[in-house]
Amino acid sequence: MSQPLTDRPVFTFRQGTAPLLVSMPHVGTYLPPAIAERLTDEARHVPDTDWHLERLYDFVVGMGASVLVATHSRYVADLNRPPDGSSLYPGQSVTGLCPVDTFDDTPLYRDANDVPDEAEIAERRARIWQPYHDKLAQELNRLRDQHGVVLLWDAHSIRSVLPRFFEGKLTDLNLGTGKGSACAQDIAEAVAAVAREGESQGYTSVLNGRFTGGYITRNYGKPEQGIHAIQLEMTQCSYMQEALPFDYLPERANRVQPLLRRMVQTAFDGVMRSRKQ
């Protein structure tokens, strides 16, 4: 019998009571041994992880949120990519459903001939990608059915300087709503207004700029059906050390966390108001 792809659950889940689901598809760091042994030393450090978001967003538990957190590295399967592997940003450099290179455009695999083939990609999609999305859809439907509306907040972070993807330093707070398709415009604009309040503290922000929302935001956000989705891509320098050992920096994180909380609360309040209209 062939060795199973992984020996661990592919996500952790905490069920809440409020119509708020926080998804963290890129915080996972686990590499199954059979995959890890094929990767370069650099890749085994999983540098492209959305580090420490569970800690940064710990306040959402007090808001009654459900929280869905990936356990496996995006190098195994990227949960925020379409299942067919199509590009989210045609014409721009992107990483795929089962990446073969890092954000720094270096190879993930020691042997260029040992990258995942179609059969392996299909298995990873079935064993890693699909269970996360099944749970995501199930919880969104449960909350929407119970409350009439639901907010999906897709939480991400990224290094602030990545020449492969953007020039110079990235805006700190990148809100994405699929260019308006995934969330009511008035809600998105209210959240963007809160983000702009951070300018006095040195945080830059944009709505539907370089990052307009990945597969999760675009696929599940259906405001006409009561499901509003917002992605936030934060610069990691706002709360952590961007290089090894990727430490959480409490003083820096404590400075941005109140602003982050106001953004989530504003989105949630807007979704709740939409239920009464």
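Residues numbered from 1 in each chain as written. Predicted model: local features only at pLDDT ≥ 70, side-chain atom pairs only at ≥ 80, totals over all residues. Heavy atoms only, no water.

S.K.: Got a sec to walk through the pattern of salt bridges? Specific residues and values, please.
M.R.: Once the charged atoms of two side chains with opposite charge are near each other, the side chains can pair. In this structure the tally under the stated criterion is 15 salt bridges. A salt bridge links Arg-110 to Asp-41, with the nearest nitrogen and oxygen atoms 2.9 Å apart. Linking Arg-110 in the loop between β3 (66-70) and α4 (118-147) with Asp-41 in helix α2 (residues 41-44), this pair joins segments that are 69 residues apart in sequence. Residue Asp-172 pairs with Lys-169 through a salt bridge whose shortest N-O separation is 2.9 Å. (Salt bridge = Lys/Arg side-chain N within 4 Å of Asp/Glu carboxyl O. Helix = DSSP H or I, 4+ residues; strand = E, 2+ residues; numbered from the N terminus.)

S.K.: Outline the environment of Tyr-57, listing residues and values.
M.R.: Looking at the element boundaries, Tyr-57 is found in the loop between α3 (53-56) and β3. Between the alpha carbons of Tyr-57 and Met-24 there is a distance of 10.0 Å; along the sequence they are 33 residues apart. Residues in contact with Tyr-57, not counting those within four places in the same chain, are Met-24, Trp-153, Ala-155, Leu-232, Gln-257, Leu-260 and Val-264. A polar side-chain atom of Tyr-57 sits 3.0 Å from a polar atom in the side chain of Trp-153. (Contact = heavy atoms within 4.5 Å. Polar contact = N/O pair within 3.5 Å; in protein donor to acceptor, adjacent residues only side chain to side chain.)

S.K.: Tell me about the sheet that holds strand β2 (residues 20-24), and please be specific about residues and values.
M.R.: Strands sit in the order β1-β3-β2-β4-β7-β5-β6 across an open sheet of seven strands; the sheet is mixed. Each edge of the sheet is formed by a strand with only one pairing partner; in this case those strands are β1 (11-14) and β6 (205-207). Across the sheet, the mean angle separating the axes of adjacent strands is 15° when strand polarity is ignored. Relative to strand β7 (residues 227-235), strand β5 (residues 173-176) runs antiparallel, the two sharing four bridges. (Pairing = 2+ DSSP bridges. Axes fitted to C-alpha atoms, helices over the stretch in contact; angles between N-to-C directions.)

S.K.: Quick one: what's the story with the packing of aromatic side chains, residue by residue and with numbers?
M.R.: Summed over all chains, the structure comprises seven aromatic pairs. Relative to Tyr-132, the ring of Phe-11 lies with its centre 6.5 Å away and its plane at 80°, an arrangement referred to as edge-to-face. Highlighted residues: Phe-11 in strand β1 and Tyr-132 in helix α4, separated in sequence by 121 residues. The exposure class of Phe-11 is partly exposed, given its relative accessible area of 23%. Look at Tyr-132 and you get buried, because its relative accessible area is 0%. Aromatic pair Tyr-57 and Phe-59: ring centres 5.8 Å apart, planes at 25°, arrangement stacked. Each of the two residues, Tyr-57 as well as Phe-59, counts as buried. The lysine or arginine in question, Arg-210, covers the ring of Phe-211, its NZ or CZ lying 4.7 Å from the ring centre. (Phe/Tyr/Trp six-rings, centres within 6.5 Å; stacked < 30°, edge-to-face > 60°. Buried < 20%, exposed > 50% of the residue type's maximum accessible area, 1.4 Å probe, protein only. Lys NZ or Arg CZ within 6 Å of the ring centre and 35° of its normal.)

S.K.: Got a sec to walk through unusual backbone geometry? Specific residues and values, please.
M.R.: Omega for the peptide link from Leu-244 to Pro-245 comes to 5°, which places this bond in the cis form. Structurally, the position occupied by Pro-245 is in the loop between β7 and α7 (250-276). The phi angle at Lys-179 is positive, at roughly 60°, despite the residue not being glycine. By the element assignment, Lys-179 lies in the loop between β5 and α5 (185-197).

S.K.: Describe α5, listing the residues and the values that go with them.
M.R.: The terminal C-alpha atoms of α5 lie 19 Å apart, and with 13 residues this matches the ideal 18 Å at 1.5 Å per residue to within 8%. Turning to α5, its buried residues are Ile-187, Ala-188, Val-191, Ala-192, Val-194 and Ala-195. Projected onto a plane normal to the axis of α5, the buried residues spread over an arc of 155° and lie on a single side. (Expected span 1.5 Å × (residues − 1). Arc of directions from axis to C-beta.)

S.K.: Run through α4, naming residues and quoting values.
M.R.: The terminal C-alpha atoms of α4, which comprises 30 residues, lie 41 Å apart, in line with the 44 Å expected from a rise of 1.5 Å per residue. Roughly 40° is the biggest bend found in α4, and it falls at Gln-130, with proline Pro-131 one to four residues downstream. Just downstream of α4, Gly-148 is the residue with a positive phi angle, here 90°. (Bend = angle between axes of the 7 residues up to and from the residue.)

S.K.: Quick one: what's the story with the nonpolar core, residue by residue and with numbers?
M.R.: Core analysis: the largest hydrophobic core is formed by 80 residues, its most contacted members being Leu-56, Tyr-57, Trp-153 and Met-263. Considering every element that reaches this core, the biggest residue donor is α7, with 10 residues. With seven residues, the next largest nonpolar core counts Leu-162, Phe-165, Leu-170 and Phe-211 among its residues. (Core = buried A, V, L, I, M, F, W, Y, C linked by side-chain atoms within 4.5 Å.)

S.K.: Break down the side chain of His-228 for me, with residues and values.
M.R.: You can see His-228 is positioned in strand β7. Within the local environment of His-228, its side chain forms a polar contact with the backbone nitrogen of Ala-184, the two atoms lying 3.2 Å apart. If near-sequence neighbours (up to four positions away) are discounted, His-228 is found in contact with Val-150, Leu-151, Leu-152, Ala-182, Cys-183, Ala-184, Ile-187, Pro-223, Val-271 and Ser-274.

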